[in-house]
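For reference, the chains in residue letters:
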Amino acid sequence: MDKFSFFSNILSFVSTFFENILKIATLLIPWYQENKRDLPWRATRNPYYIWLSEILLQQTRVAQGLPYYLKFVEHFPTIKKLADAREEDILNLWQGLGYYSRARNLHHTAQVIAYQYNGRFPSNYQDIRALKGIGDYTAAAIASFAFGLPHAVIDGNVNRVISRLFGIEKPINKPDGQAEIKIALEQIFDPSRPDIWNQAIMEFGALQCTPRNPNCTDCPLNTNCLAWSSKKVNIIPTKEGKTKVTQVYHSYLVMRLGSKTYIQKRETGIWKNLYQFPLIEKQMSDSEVINHFTEEFGIRKTIHLHSIREIEHILTHRKIFAKFYTISLNTGSEILKNNIFEIELDDLGKVFPTSVLTLKYLKQQK
DNA sequence: AAAACGGGGCG
DNA sequence: CGCCCAGTTTT
């Protein structure tokens, strides 16, 4: 390669690079300013509020997360108040939103920032990324929105917009596909205004370049979109692999003593630190369940079995077959056992953050 | 029933 | 890195 073609290659690479940025950014950002939703976390640069909103919105639609954001800001206006809160109060506010480990990580990280960082949110990408509950997406979001740092976010919206613009057909949920997305994204990311750019591409994915029935005929980017020009909009992006759904069996014992009942705090796994009726996580016959519980709690075997109700609950990778065995206890037969609490039935879901399956049972009782 | 949602942790 | 985890709503 002679000197001339070397420099002309560099020149054409550099000019193409800036053309792409100018082309996409100058189309995308005006679109955003015209069409953006008015969301409270977009009106602040306070890293606490931005972090809070990003955690609440992980795998969650804006419409669903918004009311929770307002509740959290009201109850915990500063990061120190969140750090000093009881985990149970945080879980109670979180109730119904799902992915409860987000709430536990939120609390933990609030304490780290309040007491290890002296209340000052870390302001560089590496330190932000190292916090519990913060992965690549959330670190880039906080770094750009709160601190104006040039880190591009990749969420479900960005994956969809980029794969369509560049005609990427490799599965976006595989390393190969993600690598192509990143390379493509670097070509159009505008590091001079990362906050607006990140907001713009996500909003564009959420409102214009939607999963189904995207508004392509009236799209400001359609002349730059390979999926559109090759009529592949409805097959891009692609995904591979299905999560296997395993069946699990739960047997709950609902002990009624007037308006009181007995609950336990779940200690591991899904719904950790949420409350539930005493549980056996194993497939058993009705008589085996009754035998097990009567032995564990020292109840007479002649107890009155009030009812057995079955509830199916479907999670992403689990199908739970739950049976609730409701019995009536006589006064004087209090259960004294570690981890078992006697409470007012009405306090479930209010005073005690309660697992969804337990709440589902109570709701069906009414 | 399946897809989608402003993903993350762990070995 | 590859693999596993995981809740609710919408289609």
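Look up a bit, the structure's there.
Calculation notes
- Residues numbered from 1 in each chain as written.
- Chains lettered and ligands numbered in written order.
- Predicted model: local features only at pLDDT ≥ 70, side-chain atom pairs only at ≥ 80, totals over all residues.
- Heavy atoms only, no water.
- Core = buried A, V, L, I, M, F, W, Y, C linked by side-chain atoms within 4.5 Å.
- Buried < 20%, exposed > 50% of the residue type's maximum accessible area, 1.4 Å probe, protein only.
- Domains from an automatic or database assignment.
- Contact = heavy atoms within 4.5 Å.
- 1 Å grid on protein atoms, 1.4 Å probe; cavity = no way out; pocket = protein on both sides within 12 Å on 5 of 7 lines; lining within 4 Å.
- Points joined across faces, edges and corners; volume = space filled by probe spheres on them.
- Helix = DSSP H or I, 4+ residues; strand = E, 2+ residues; numbered from the N terminus.
- Nonpolar A, V, L, I, M, F, W, Y, C, P; charged D, E, K, R; others polar.
- Near = heavy atom within 4 Å.
- Polar contact = N/O pair within 3.5 Å; in protein donor to acceptor, adjacent residues only side chain to side chain.

Novice: Whenever I open this one, the nonpolar core confuses me. Can you help?
Specialist: Soluble, globular proteins show a tendency: their nonpolar side chains are buried together. Core analysis: the biggest nonpolar cluster contains 94 residues, and Trp51, Phe72, Trp94, Ile162, Trp197, Phe277 and Phe324 have the highest contact counts within it. Domain assignment of the residues forming this core places at least three in each of domain 1 (13-235) and domain 2 (246-365). Dropping the residues within four chain positions of it, phenylalanine 72 is found in contact with Leu52, Leu56, Pro77, Ile90, Leu93, Trp94 and Leu106.

Novice: In this structure, what is going on with empty space enclosed by the protein? I would like to understand it.
Specialist: Left-over empty space is what a probe sized like a water molecule reveals as it rolls over the atoms. The tally for this structure, following the rule as stated, stands at one cavity of 30 Å³ or more. For the lining of the largest cavity, the leading source of residues is helix H9 (residues 156-165), giving three residues. Class assignment of the residues belonging to the lining of the largest cavity gives a composition of eleven nonpolar, three polar and one charged.

Novice: What's the story with the protein's contact with DNA strand C in this structure? I'm lost.
Specialist: Taken together, 21 residues are adjacent to DNA strand C, and Tyr99, Ile270, Thr316, Arg318 and Val356 come closest. Each atom of DNA strand C within 4 Å of the protein was classed as base or backbone; sugar and phosphate made up 61%. In this structure, a phosphate oxygen belonging to DNA strand C sits 3.5 Å away from a main-chain N or O atom of isoleucine 270. Note that a phosphate oxygen of DNA strand C is positioned 3.2 Å from one of the side-chain N or O atoms of tryptophan 271.

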